[in-house]
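Here's the letter readout for the chains.
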Amino acid sequence: MFKVLRDLLKFDGRFRIAFIFLVAVVMMIILSFVSPYDPAKSFVVAMDTPPSLEHIFGTDSRGQDIFWWLTFAVRNSLLMGVITAVISRAIAILIGLTAGYQGGWLDKVLMSVNDSFVVLPLLPILILLGFLLRDQMNLFLLGVILGLFGWPFDARLIRSQVLSLKERSFSRTAVYSGTSSFWITINEHLPFVLPIVFATTINNMLWSIGMEVTLSVLGLSDLTTPSIGTALYWANAHGALVAGVWWWIAAPTLVAIVLFLGLYLLFASINEYIDPRTRLRLIGG
Amino acid sequence: MRRFALRYLIPRFIQYLTLIFIGITVTFIIPRLSPNDPVEAQIAMMMARGNSLDAQSVASMREALTDMYGLSGSPLQQYVSFWGRLLRGDLGPSLGNFPTPVSEMIGQAMPYTLSLLLTAVIISWIFGNLFGALSSYYPKNRALSVIEVVGQAVRPIPYYIVAMVLLVVFAFFIPIFPFSGAYPVGTRPNWSLDFILTYLQHAVLPAATLVMVGFGGWFIGMKSLTSNIISEDYVVYAETAGLNEKKILSNYIMRNALLPQLTGLAMSLGTVFSGALIMEVVFGYPGIGSLTMVAVYRNDYSMIMGIAIYSIIGVATAVFLMDLIYPLFDPRVRYQ
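This is a predicted model, so every value here is computed, not measured.

Novice: Describe unusual backbone geometry, listing the residues and the values that go with them.
Specialist: Residue and element names in this part refer to chain A. Even without glycine at this site, F43 takes up a positive phi of about 60°. Along the polypeptide, F43 turns up in the loop between α2 (13-32) and α3 (66-102). Since its relative accessible area comes to 55%, F43 is described here as exposed. Positioned with a positive phi, D48 is a non-glycine residue whose angle comes to about 55°. Mapped onto the elements, D48 comes out in the loop between α2 and α3.

Novice: Quick one: what's the story with helix α8 (residues 193-229) of chain B, residue by residue and with numbers?
Specialist: An α-helix turns once per 3.6 residues; consequently, residues spaced three or four apart project the same way. The end-to-end C-alpha distance of α8(B) is 46 Å, clearly below the 54 Å that 37 residues give at a rise of 1.5 Å each. Where α8(B) bends most, at B:V204, the angle is about 40°, and the proline B:P206 comes one to four residues later.

Novice: I'd like a description of the interface of chain B and chain A, backed by residues and values.
Specialist: Contact with chain B, which involves 48 residues of that partner, is made by 41 residues of chain A. Of the roughly 4000 Å² buried at the junction of chain B and chain A (both faces included), carbon and sulfur atoms supply 80%. Per-residue buried area on chain B facing chain A is highest for B:I30, B:Y160 and B:M267; these three make up 14% of the total on that side. Here chain B is connected to chain A by 0 salt bridges. Connecting chain B to chain A are 6 residue pairs in polar contact (both at pLDDT 80 or more). Looking at the side of chain B that touches chain A, the elements that each hand over two or more residues are α1 (2-33), α6 (142-154), α7 (159-173), α10 (245-283), α11 (288-297) and α12 (301-329) of chain B. With 9 residues, the top contributor of residues to the side of chain B that touches chain A is α1(B).

Novice: Any chance you could break down the packing of aromatic side chains for me, citing the residues and the numbers?
Specialist: One pass over the structure, following the stated rule, counts 23 aromatic pairs over all chains. Between A:W246 and A:W247, the aromatic rings sit 5.7 Å apart at their centres with planes inclined by 80°, giving edge-to-face as the arrangement. Residue class for A:W247 comes out buried when judged on its relative accessible area of 8%. The structure contains a cluster of three or more aromatic residues connected by ring pairs, namely B:Y112, B:Y183, B:F195 and B:Y285. Looking at A:R168, its charged tip hangs above the ring of A:F192, at a distance of 5.7 Å from the centre.

Novice: Outline the side chain of B:T25, supporting the account with residue identities and numerical values.
Specialist: All names here are of chain B. Mapped onto the elements of the fold, T25 is located in helix α1. Using a relative accessible area of 16% as the deciding quantity, one classes T25 as buried. A distance of 2.7 Å separates a polar atom in the side chain of T25 from a polar atom in the side chain of Y79.

Novice: Please set out the nonpolar core residue by residue, giving values where relevant.
Specialist: In this structure, A:L70, A:F149 and B:Y160 are the most contacted members of the largest nonpolar core, which totals 175 residues. Per-element accounting of this core gives the leading share, 16 residues, to α3(A). Once you skip the residues sitting within four places of it in the chain, A:F149 turns out to touch A:F117, A:L122, A:I125, A:L126, A:L129, A:W207 and B:V26. Residues B:Y137, B:M222, B:L249 and B:M254 belong to the second largest nonpolar core, which totals 11 residues.

Novice: How would you summarise a nonpolar patch on the surface if you had to cite specific residues and measurements?
Specialist: A surface patch of nonpolar side chains, amounting to about 590 Å² of accessible area, comprises A:W246, B:F172, B:F173, B:I174, B:I176 and B:F179. Tracing the chain through its elements places B:I174 in the loop between α7 and α8.

Novice: Give a detailed account of the pattern of salt bridges, specifying residues and quantitative values.
Specialist: Residues and elements named next belong to chain A. Throughout the structure, instances matching the rule amount to 6 salt bridges over all chains. Where R159 meets D107, a salt bridge forms, and the shortest distance between an N and an O atom there is 2.7 Å. Placement of R159 in helix α7 (residues 152-166) and of D107 in helix α4 (residues 104-119) is noted, with a sequence separation of 52 residues between them. No difference in accessibility class separates R159 from D107, as the two residues are buried. With a closest N to O distance of 2.8 Å, D115 and R156 form a salt bridge. Here D115, found in helix α4, pairs with R156, found in helix α7; they are 41 residues apart in sequence, far enough to count as distant. Among the residues examined, R156 registers a relative accessible area of 26% and is labelled partly exposed.

Novice: Explain the confidence of the model for chain A to me, and be specific about the residues and the numbers.
Specialist: A residue-level look at chain A finds 96% of positions with pLDDT of 70 or above and a mean pLDDT of 86. The secondary-structure element of chain A with the lowest mean pLDDT is helix α12 (residues 276-282) of chain A, recorded at 64, while α3(A) shows the highest, at 93.

Novice: Break down the side chain of A:T253 for me, citing the residues and quoting the values.
Specialist: Positionally, A:T253 belongs in helix α11 (residues 246-274). Among all residues touching A:T253, those that are not within four sequence positions of it are A:L232, B:I161 and B:V165.

Each value, and the rule that gives it
Residues numbered from 1 in each chain as written. Chains lettered and ligands numbered in written order. Predicted model: local features only at pLDDT ≥ 70, side-chain atom pairs only at ≥ 80, totals over all residues. Heavy atoms only, no water. Helix = DSSP H or I, 4+ residues; strand = E, 2+ residues; numbered from the N terminus. Buried < 20%, exposed > 50% of the residue type's maximum accessible area, 1.4 Å probe, protein only. Expected span 1.5 Å × (residues − 1). Bend = angle between axes of the 7 residues up to and from the residue. Contact = heavy atoms within 4.5 Å. Buried area = accessible area lost by both parts, 1.4 Å probe. Salt bridge = Lys/Arg side-chain N within 4 Å of Asp/Glu carboxyl O. Polar contact = N/O pair within 3.5 Å; in protein donor to acceptor, adjacent residues only side chain to side chain. Phe/Tyr/Trp six-rings, centres within 6.5 Å; stacked < 30°, edge-to-face > 60°. Lys NZ or Arg CZ within 6 Å of the ring centre and 35° of its normal. Core = buried A, V, L, I, M, F, W, Y, C linked by side-chain atoms within 4.5 Å. Patch = residues over 30% accessible without salt bridge, like charges linked within 9 Å, V, L, I, M, F, W, Y side chains within 5 Å. Areas by Shrake-Rupley, 256 points an atom, 1.4 Å probe, with all protein chains shown as cover. pLDDT = per-residue confidence, 0-100.

Spelled out as structure tokens, the structure:
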């Protein structure tokens, strides 16, 4: 594990940037546990002061320190991303493995449903859902809902992997030696699929955090919980740009960009690393 | 021809119907998962906003709402009547703008979203593919690597944030583009040259958002597709035969990589459409996205429902149309 990390840091420029960005994100998350301010309380510091040494990102019109508030926001957004990723991975693995291994009409039906979910314009549906659950909505529930919608792309990817694994000789050997199809998928195919699942996890988190931003900006999530989306919502609700409090918008935007680029570059670099052919090219082989 | 229809067209058409069926069913189920009585909640919300409604319009609204949520009868009956109303094109009146029909308001907003979306998708697709192919054919070119890095850096960022950054930079700090809207306040849409020019000026930033976010994906897709093709024997042969580079690039390399990218375009339409909605909110562009925003603020349930249904049918139809033109690009499908 340590050696892999060292190699990646040494050979992959993208991984280096991702590493720096994500260390910054992790630092923020750790700092959220020692925050001097309670994010639920407003008017604890002076209002609308620009960034200074005392308040790195300045303070907002609600009398909160933006930096410390954002430490909670990053933590919550990331946590929601993880919830979504876990749920959607479970569905994607289940559907991908079943469709790929069983084939036939089951495969046809599953993939037809799958393709419909890929193309479905999700935002209007999520807005409808968020609208109806407005009072019950919290970040956990949002994570679950996004998880239920976020699997189709990866299910297709896993299926295509299994289709090729199925033709390999070890699968045949397993079939001829009487292994049940359930154990073949779990023992023989799942280990090959897991690296892809891991890489797509990050991509899925990116997607769900982005969706949270979108829904929160529309006011369709629990607005009292700090998250990157609600940070932007409150800044907009108070007309931060019109009032000239630009740092209120700039700070969450900056944090979001660092988080998104960090996760994305990590995804790109891992994706290349798990493929031995591109890994060789990376170290100039 | 008959074999083509049987093998290609009919499965595509079934997929088209499946997509609409699943989408509409999901929008049917969602309101029924809501734990509170949507009709009473809706009326309470409208009253709380201080709307002075007389008893009669409350009663007619309650009836309209119960009807619209389709809450009378067994779930199966509800489901059937839900489809019945849809097939008649009846989405009910807007609750925020009672009693203007939802379909009329969506019809007014649709041209703005559609024109912007189509232009932006086509631009980003063409440029992404072109630069992607160039960058894999000329891997040492500096300018192309800069374009690649920028494209990849913007790609993972949500539409909302890219739009926000563009707005702050190009309308706030360097005010060369207008803040919001599709045309200046006070003018009426018409076909004069002046109006078209301001319309275009207003569309630059929203379109740029969609293009910037979309570009990186097409770029990287084309690059990885062509990186396999450039080492193929027929490309090497064409090169040694001294064919001109432009011709090799367009006829030998790009053409073969274009098909998966076309499929990708069809697959991404739903996502791009969602992105366009949120981009409109940032720029106050008077399309479907802004309509959604207003509907959310006004608790206009029927409008949100209508927008969800329209977008599902719209995206499904677009994907189906792409499937129909696909054989024009792929001779294998035609002669199968």
